[in-house]
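Understanding the architecture of this molecule
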Amino acid sequence: MEEFRRAYSRLCKESGTEPQETVLQQLHQLPQGRLDLATQSLTVDTCRALGKLLQKESLLTELILSDCMLSEEGATLLLQGLCVNTVLQFLDLKGNNLRAAGAEALAKLLRQNKSIQSLTLEWNNLGTWDEAFATFCGALAANGALRQLDLRNNQINHKGAEELALALKSNASLQQLDLRWNHIGLLGGRALVNCLPSNRTLWKLELAGNNIPGDILRAVEQAMDHNQDRQTVFRESQARAQVLSKEVRHLREEKSKQFMDLMETIDRQREEMARSSKASAARVGQLQEALNERHSIINALKAKLQMTEAALALSEQKAQDLGELLATTEQEQRSLAQRQAKEHRLEQQEAAERESKLLRDLSAANEKNLLLRNQVDELERKVKSQQEQLFLTKTELTNTTAELKMRAVQAEERLELEKKRSRQSLEDAEHLRFKEVEHMTRHLEDSERAMQERVQRLEAARLSLEEELSRVKAAALSERSQAEEELIKAKNQVRLEEQQHLAHLEEKLRLLAQARDEAQSACVQQKQTVADAQARASQLGLQVESLRRRLEELQQELSNKDQEKVAEVTRVRLELQEQNGRLQAELTAQEALKEKVAALERQLKVIASDHREALLDRESENASLREKLRLKEAEIARIRDEEAQRASFLQNAVLAYVQGSPLRTLSPQK
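Rules and cut-offs
- Residues numbered from 1 in each chain as written.
- Predicted model: local features only at pLDDT ≥ 70, side-chain atom pairs only at ≥ 80, totals over all residues.
- Heavy atoms only, no water.
- Helix = DSSP H or I, 4+ residues; strand = E, 2+ residues; numbered from the N terminus.
- Buried < 20%, exposed > 50% of the residue type's maximum accessible area, 1.4 Å probe, protein only.
- Contact = heavy atoms within 4.5 Å.
- UniProt positions renumbered as here; feature names shortened; annotations may be inferred.
- Axes fitted to C-alpha atoms, helices over the stretch in contact; angles between N-to-C directions.
- Parallel < 35°, antiparallel > 145°, perpendicular 65-115°, else oblique.
- Nonpolar A, V, L, I, M, F, W, Y, C, P; charged D, E, K, R; others polar.
- Salt bridge = Lys/Arg side-chain N within 4 Å of Asp/Glu carboxyl O.
- Polar contact = N/O pair within 3.5 Å; in protein donor to acceptor, adjacent residues only side chain to side chain.
- pLDDT = per-residue confidence, 0-100.
- Pairing = 2+ DSSP bridges.
- Patch = residues over 30% accessible without salt bridge, like charges linked within 9 Å, V, L, I, M, F, W, Y side chains within 5 Å.
- Areas by Shrake-Rupley, 256 points an atom, 1.4 Å probe, with all protein chains shown as cover.
- Lys, Arg positive; Asp, Glu negative; His and termini not counted.
- Charge placed at Lys NZ, Arg CZ, Asp CG, Glu CD.
- Expected span 1.5 Å × (residues − 1).

For the protein chain, the count of helices and strands is 17 helices and 7 strands. Looking at the protein chain as a whole, 41% of its 670 residues qualify as buried. A fraction of 85% describes how many contacts in the protein chain between residues 6 or more apart in sequence connect residues 24 or more apart.

Now for the UniProt feature "coiled-coil region" (unreviewed entry) in the protein chain. In the numbering adopted here, UniProt assigns the feature "coiled-coil region" (unreviewed entry) to residues 234-272, 298-332 and 362-642. For residues 234-272, the helix share is 100%, the strand share is 0%, and the end-to-end C-alpha distance is 56 Å.

With that settled, the discussion passes to the packing of helix 3 (residues 44-56) against helix 4 (residues 72-82). It is the contact of helix 3 with helix 4, at a shortest axis distance of 7 Å, that shows an interaxial angle of 5°. By the angle between their axes, helix 3 is roughly parallel relative to helix 4. Here Val44, Cys47, Arg48, Leu50, Gly51, Leu54 and Gln55 of helix 3 lie close against helix 4, whose contacting residues are Glu73, Gly74, Leu77, Leu78, Gln80, Gly81 and Leu82. A breakdown of the residues in the contact of helix 3 with helix 4 according to their chemical character gives 7 nonpolar, 5 polar and 2 charged.

Right, let's talk about the pattern of salt bridges for a bit. This structure, assessed with the given rule, holds 15 salt bridges. Measuring nitrogen to oxygen at the nearest pair gives 3.9 Å for the salt bridge that ties Glu73 to Arg48. With Glu73 in helix 4 and Arg48 in helix 3, this pair connects stretches of sequence that are 25 residues apart. Across the pair Glu122 and Arg152 runs a salt bridge whose closest N-O atoms are separated by 2.6 Å. Of this pair, Glu122 sits in the loop between strand 4 (118-120) and helix 6 (130-142) while Arg152 is found in the loop between strand 5 (148-150) and helix 7 (158-170), placing the two residues 30 residues apart along the sequence. The structure contains a network of salt bridges with shared partners spanning Lys94, Glu122, Asp150, Arg152, Asp178 and Arg180.

Before going further, it helps to examine the environment of Leu54. Within the secondary structure, Leu54 sits in helix 3. Given a relative accessible area of 2%, Leu54 falls into the buried group. For Leu54 and Thr86, which are 32 residues apart along the polypeptide, the C-alpha to C-alpha distance reads 9.7 Å. Non-local contacts of Leu54, meaning those with residues more than four positions away in its chain, are made with Phe4, Leu60, Leu63, Leu78, Gly81, Leu82 and Asn85.

A word on the side chain of Asn96. Along the chain, the position of Asn96 falls in the loop between strand 3 (90-92) and helix 5 (100-112). Its relative accessible area of 3% is what places Asn96 among the buried residues. Among the polar contacts made by the side chain of Asn96, one reaches the main-chain amide nitrogen of Met69 at a distance of 3.3 Å.

Here the protein chain averages 81 in pLDDT, and 88% of its residues register 70 or above. Every residue in residues 662-670 is under pLDDT 50, and counting partners more than four places away or in other chains gives 14 contacts.

What helix 4 keeps buried is the set Gly74, Ala75, Leu77, Leu78, Leu79, Gly81 and Leu82. Residues of helix 4 that are buried sit in contact with helix 3, strand 2 (62-64), strand 3 and helix 5.

The subject of this paragraph is the sheet that holds strand 3. Spatially, the 7 strands line up as an open sheet ordered 1-2-3-4-5-6-7, and their pairing is parallel. Only two strands of the sheet have a single partner each, and these edge strands are strand 1 (34-36) and strand 7 (204-206). Each neighbouring strand pair of the sheet contributes to a mean axis angle of 0°, computed without reference to strand direction. With 3 bridges connecting them, strand 5 and strand 6 (residues 176-178) associate as parallel partners. The residue of strand 6 that forms the bridge with Gln148 is Gln176.

Viewed as axis vectors pointing N to C, helix 4 and helix 5 meet at an angle of 0°, and their least axial separation amounts to 9 Å. Judged by the inter-axis angle, helix 4 sits roughly parallel to helix 5. Along the contact surface, helix 4 presents Glu72, Thr76, Leu79, Gln80 and Leu82, while helix 5 presents Ala100, Ala101, Gly102, Ala105, Leu106, Lys108 and Leu109. For the contact of helix 4 with helix 5, the per-class residue count stands at 7 nonpolar, 3 polar and 2 charged.

Let's shift gears to a positive patch on the surface. The grouping of Lys342, Arg345, Arg381, Lys382 and Lys384 at the surface amounts to a positive patch. At the level of elements, helix 10 (327-356) and helix 11 (361-384) are the ones that each hand at least two residues to the positive patch. With 3 residues, helix 11 is the single largest residue contributor to the positive patch. Position of Arg381 relative to the elements: it lies in helix 11. Judged by relative accessible area, Arg381 falls into the exposed class, the value being 54%.

Before going further, it helps to spend a moment on helix 1 (residues 2-14). Given 3.6 residues per helical turn, the α-helix brings residues three or four places apart onto the same face. With 13 residues, helix 1 extends 18 Å between its outermost C-alpha atoms, agreeing within 8% with the 18 Å of an ideal straight helix rising 1.5 Å per residue. Taken as a whole, helix 1 has its buried residues at Phe4, Ala7, Tyr8, Ser9, Leu11 and Cys12. Looking at the buried side of helix 1, the elements it contacts are helix 2 (21-29), strand 1 and helix 3. Directly beyond the C-terminal end of helix 1, a positive phi value near 85° is found at Gly16.

Below, the structure is given as structure tokens:
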């Protein structure tokens, strides 16, 4: 207020007048936000200065100017300053003898000011001039901020009461009106009673001392009681609406919080799925590299086979002239080749059975031994008719069977040891596999060099070996055609497997991309299942590796046995067929190479089948995870629908409550 006092003094000095000492004293002693100048006789200059100050005052909320003997000009200047004030809420102009000019200034104030809520005009003469009071009532009808109006002792007659009644029909904010000690009379009272049904905000109307009959006063009291009840109901409904809105906001906050938590969990699950997809992609890359290595090995074997075929072609060219002399030996050799082909097919079938039945290795080996014994017996019966030296071969065959049994036992022991070693470290198994491949390549190179040397020796002794070369030519042609067919089949199968593998990989990547939104529990289950699948894959790989080694050993033993059998048969025959025996040894070496190639192809098939099974398992797991994700999404959608239904039910209940309440039926139409 010190600034207000200094500004008042400055304005008075600028206008050429001295500030009133009484006003300065009141300004010095006033509390914050309240200006009380009651019973102070204010001059026109003081009113002008106060009007200018009140235009920009932002702290004053209450102004008391009762009994200040304001003139018409002073009151007009003060009220003009208050027209633009936006802070003042309480104005007291009691006992200032305001007349027509004051009524017009008050009308302007009510039209322009939107902050004054309480206006006290007791002990004035506003009702003496009908036109000025009608202007005041028109401004009151347009005002939407005033809550309390005191018009006691203002000489209001029945015409003024009628104007007030018209104003009350349009006014929607006034709640308390005091008209005591005026001259309203019967006509004015009736006008006021008739306007009250249209006004639903006024709940207090004082009409004592106006010569109004009692029945009209009772009607006014009933209308006021009705409006008061309506106000209480409205306040209660507002309180309930606030409580309901708070509850709705609280529910919305909780739902938003739950939704954010759910989104965070989904983001975490997406990150985990991205990490798992990266790991699976790395695993797929490793498997692809292993397949590439297998393909390179197959290509190397194919190149070596091509070299051997070229060497055989050279030998065929040299042996074309000797085809007629070796017809008889060719027939015998064909019969032997057919029997050997049958034996090889049986061995391949047995090997497939061993691979499919991992727990029946020993029984399969015994069956194969029995088959070998039967084959040896057949060969012995066939050779007995020609030479008597097959008795020695029988004894040797029995010895070889005993040795084979011993070797089978040793192979089983080595199998157990290799299983233990493979379980200890997968890296050692891979290293051993690489060494075996190198050993096979070296063995193939050595055999190739040996074959070249033998071909050179055959060229030196071609006169004596023409019949055998023609036989070898026919056998080599048949074997080459078989090898080419097997190679074509292997190529087609490898291509199909590669295509299937790539298709599975693409499908898997797409499924992994779709499954990024699954829940955290599903991720944990997927990790567990992936770990189990990896463990199973490692175990199966170890078992396949051990079986492959055992099959290689058995095949090596069988090839050795075949070589020994051929050597025994050749020893029984004439000494002149020694060179034929050498060619037979070369043929057995080539067959051993082909068997190794077939074994490698079977290993590739087994590995590819294992990969396909693992991929199928992964696909089934992904399908189950997608089903879980779909169920989770359905549950989330159901929860959202339930929440939306609850919110709609709550909104409908609130609207029904508001529409069904008596407040809505009695409220004015906006």
